[in-house]
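Observations on the three-dimensional arrangement
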Amino acid sequence: MKVAIPYEYTEEAIPPRCRKPRRVRMKGTMTVTIHELSGDEAPVAIVQRDPLHVGNRPEKIIYRWWRKRLWTRGHPSNRGPHPPLGPAGTWPYPEPYLAKSKVRSSIRRFQQDTVLIDGEVWRVAGEPRYVLMTFGLGCNHGGTALMVDNHYNSNIHRERYYRIDQQKAAIAATKRVALERGDDQSVPVEPHADFDILIPEAVRLCPRKEHGTGDPFINKVEALTTVKNRTIAGLGALALLGQEMKQ
């Protein structure tokens, strides 16, 4: 399917009746080809179900599999450079203050990460994963949770991430951390999503190889919360912050 995408960009030019160049808003159109597929060509690989219906997440998210990539219809949890999209005809409008080359590059990225499946717009998606999250200073000040994300967070240690086919291990680790922190109200652990894996090949995540060890300062604060005393943990965090500011 060929799509003509109108766009605006900014470049240095001399406007009519002017002598000096200035930044001027320009308009252009770029035609791209969006792949059109049937549901059989891009079968359902993963179904994400949200039994807790947390926040504004949909109750069910479908991931399809095509060219060794996962695709979704766009949803709030799928953080990334692109917003959720509606039916065909809803196309991007890059930031107009960028140079023409950058705007056109943005449209090309959109083209590469977009397909039409049975007439609906689907976007490339990061593989869903479990992430063990802690909040506050322990002893139920914040709590511990087993959440879901589609991307790695550079602040979080790789040992906190689990593949979606490792739910039992993820739950066990979350329970252990919760009890170490004194977050007894976070037990029993209820994952923020369950998954039906229809194409095992689509689950390829390897946090131990793909991700880092997280933020050193946050790792130190995390270690403090195992004392099971909010006051001591808070004072320790302030002391660590003071050390960081002196460096």
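A brief structural summary. Being a predicted model, the structure only gives us computed values, none of them experimental. (Residues numbered from 1 in each chain as written. Predicted model: local features only at pLDDT ≥ 70, side-chain atom pairs only at ≥ 80, totals over all residues. Heavy atoms only, no water.)

**A closer look at the overall build of the chain**
Scanning the chain from N- to C-terminus turns up five helices and 12 strands. Counting only contacts in the chain whose residues sit at least 6 apart along the sequence, the fraction spanning at least 24 positions is 66%. Just so you have it, the chain exposes about 14,100 Å², and 52% of that area is on carbon and sulfur atoms. (Helix = DSSP H or I, 4+ residues; strand = E, 2+ residues; numbered from the N terminus. Contact = heavy atoms within 4.5 Å. Areas by Shrake-Rupley, 256 points an atom, 1.4 Å probe, with all protein chains shown as cover.)

**Thoughts on the layout of surface pockets**
Volume-wise, the largest pocket comes out at about 550 Å³. As for the largest pocket, its lining consists of 23 residues, of which Thr-134, His-157, Arg-160, Asn-219 and Glu-222 are closest to the centre. When contributions to the lining of the largest pocket are tallied by element, the ones reaching two or more residues are β9 (129–138), α2 (167–181) and α4 (216–224). (1 Å grid on protein atoms, 1.4 Å probe; cavity = no way out; pocket = protein on both sides within 12 Å on 5 of 7 lines; lining within 4 Å. Points joined across faces, edges and corners; volume = space filled by probe spheres on them.)

**Regarding the nonpolar core**
Within the largest apolar cluster, 22 residues are counted, with the highest numbers of intra-cluster contacts made by Ala-45, Ile-46, Leu-70, Tyr-130 and Phe-195. In this structure, Ala-45 is in contact with Tyr-63, Arg-64, Trp-65, Leu-70, Asp-196, Ile-197, Leu-198, Ile-199 and Ala-202, ignoring residues within four places of it in sequence. With 13 residues, the next largest nonpolar core counts Ile-5, Met-30, Phe-110 and Leu-116 among its residues. (Core = buried A, V, L, I, M, F, W, Y, C linked by side-chain atoms within 4.5 Å. Buried < 20%, exposed > 50% of the residue type's maximum accessible area, 1.4 Å probe, protein only.)

**Looking at the packing of aromatic side chains**
Counted according to the given criterion, the structure contains four aromatic pairs. Centroid distance Trp-66 to Trp-71: 5.8 Å. Interplanar angle 55°. Geometry classified as tilted. Judged on exposure class, the residue Trp-66 and its partner Trp-71 are both buried. When the ring of Tyr-130 is compared with that of Phe-195, the centres are 5.6 Å apart and the planes differ by 80°; the resulting orientation is edge-to-face. Note that Tyr-130 is positioned in strand β9 and Phe-195 in strand β12 (residues 194–197), a separation of 65 residues in sequence. For Tyr-130, a relative accessible area of 0% puts it in the buried group. Using a relative accessible area of 12% as the deciding quantity, one classes Phe-195 as buried. (Phe/Tyr/Trp six-rings, centres within 6.5 Å; stacked < 30°, edge-to-face > 60°.)

**Remarks on the pattern of salt bridges**
For the coordinates displayed, the defined rule picks out eight salt bridges. Here Asp-183 ties to Arg-181 by a salt bridge, and the two come within 2.8 Å at their closest N and O atoms. Its relative accessible area of 0% is what places Asp-183 among the buried residues. (Salt bridge = Lys/Arg side-chain N within 4 Å of Asp/Glu carboxyl O.)

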